[in-house]
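Residues per chain are reported as follows:
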Amino acid sequence: MASKEWDSIDKVQYGFEDYYCAFLDILGYKEKMNLFFQNKFNLYGRVQRAMHGAGVEPTPQDTPDGIISRIFSDSIILTAKKTDVHIGIVLNYIGQLVFWFGLEGLFLRGGLSYGKLLEDFGDKEGFSFLASEGLAKAYQMENQAIFPMIVLDENILHDIQDKKYIVKNGNKYMFNYVRYVISDHATNEDMVIKELQEIIEKKNHLADIHIREKYEWIINYYLWFIYDSHKKYGNFDLLKFKTFNNEINEKYVFAEYNN
């Protein structure tokens, strides 16, 4: 309605603040959902168990660390006020989610960025509302990820003090979340071998080449981290991993962030 009185609502001013925002996606969700409705894969129970394992608060407003989580369909959204929550806490939170979802056979990919945000949880007088620059960026980054990686906005790299949590893959910078799965000192070596065997077995039973590539990528990511960690600390028994060498594909290149 074109009238001065109607349009006066646009004169309302808000105090926007910067928030870290992550948009995470559950890979292979459609397949898992189909199995769920056939009562062959408890998607609901596994998601609930993963969220509890990662320490996510069921009620967003009650979160003690300032990170608010929401999950709907195949998407997980995280927001945290930049002035209140250190980036390291946000990364640890994401790392825990990746680890616990991975235990359920659910791999995550996504993006982490920041930008202005306004959120209203709603009440009896108004509806819930969320608008976020950072979330829009993170969503775009997730769409471009293809493989199960958490892409980092280059504008937040300087916020991350411990650079061992940054890895470059192709032209993308990603969160080095494998540190939450594999100990760089090989303290969980037997578990890692079992995990690799399970991922390879799943990959070998897949007919869809695009889905197979996602499994190939994560196998190569894990193996890169194992061999890179062994160069530094020498704790892995590489003879145990020799059987996996035929899985290495030179098109998947990973490198530590050295800026």
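Structure first, text after, so check above.
What follows concerns the nonpolar core. Core analysis: the biggest nonpolar cluster contains 72 residues, and L97, F101, W217 and Y222 have the highest contact counts within it. When residues of this core are assigned to their parent elements, the largest contribution, 10 residues, is made by helix α7 (residues 209-233). The residues contacting L97, other than those within four sequence positions of it, are L24, M51, A54, V56, L78 and L108.

According to the stated counting rule, one finds 21 aromatic pairs in the structure shown. Seen from their ring centres, W217 and Y221 are 5.3 Å apart, and the 40° between their planes marks the pair as tilted. With a gap of four residues between them, W217 and Y221 both fall in helix α7, about one helical turn apart. You can call Y221 buried: its relative accessible area is 0%. Through a chain of ring-to-ring contacts, three or more aromatic side chains come together here, namely F147, Y177, W217, Y221, Y222, W224, F225, Y252 and F254. Across from the ring centre of Y114, 4.8 Å away, lies the NZ or CZ of K82, which sits over that ring. Above the face of the Y165 ring, R179 is positioned so that its terminal group lies 6.0 Å from the ring centre.

This brings us to the packing of helix α3 (residues 43-53) against helix α4 (residues 87-103). At a minimum axis separation of 8 Å, α3 and α4 run at an interaxial angle of 145°. For the pair α3 and α4, the crossing hand works out as right-handed. Along its contact with α3, which presents V47, A50, M51 and G53, the element α4 presents L97, W100 and F101. Taken together, the residues of the contact of α3 with α4 break down into six nonpolar, one polar and no charged.

Below, the discussion takes up α4. The end-to-end C-alpha distance of α4 is 25 Å, a good match for the 24 Å that 17 residues give at a rise of 1.5 Å each. Regarding α4, the residues found buried are I87, V90, L91, Y93, I94, G95, L97, V98, F101 and G102. At the exit of α4 stands G105, carrying a positive phi of roughly 75°.

Quick look at unusual backbone geometry now. A positive phi angle is found at S73, which is not glycine, with a value near 55°. With respect to the helices and strands, the residue S73 is situated in the loop between β2 (67-72) and β3 (75-81).

Here L27 shows up in the loop between β1 (17-26) and α2 (29-36). Looking at L27, the relative accessible area reads 12%, which means it is buried. Those residues in contact with L27 that lie beyond four places of it in its chain are F107, R109, P148 and K214.

As a further point, take the pairing of β1. Most of β1 sits out of view: eight of its 10 residues are buried. Pairing of β1 with strand β4 (residues 108-120), which is carried by 10 bridges, proceeds in the antiparallel orientation. Across the sheet, the residue bridging to Y19 is G115, located in β4. Pairing of β1 with β3, which is carried by seven bridges, proceeds in the antiparallel orientation. Following the sheet pairing, D25 is matched in β3 by S75.

What counts, and where the lines are drawn
- Residues numbered from 1 in each chain as written.
- Predicted model: local features only at pLDDT ≥ 70, side-chain atom pairs only at ≥ 80, totals over all residues.
- Heavy atoms only, no water.
- Core = buried A, V, L, I, M, F, W, Y, C linked by side-chain atoms within 4.5 Å.
- Buried < 20%, exposed > 50% of the residue type's maximum accessible area, 1.4 Å probe, protein only.
- Helix = DSSP H or I, 4+ residues; strand = E, 2+ residues; numbered from the N terminus.
- Contact = heavy atoms within 4.5 Å.
- Phe/Tyr/Trp six-rings, centres within 6.5 Å; stacked < 30°, edge-to-face > 60°.
- Lys NZ or Arg CZ within 6 Å of the ring centre and 35° of its normal.
- Axes fitted to C-alpha atoms, helices over the stretch in contact; angles between N-to-C directions.
- Left-handed = near helix turned anticlockwise from the far one by under 90°.
- Nonpolar A, V, L, I, M, F, W, Y, C, P; charged D, E, K, R; others polar.
- Expected span 1.5 Å × (residues − 1).
- Pairing = 2+ DSSP bridges.

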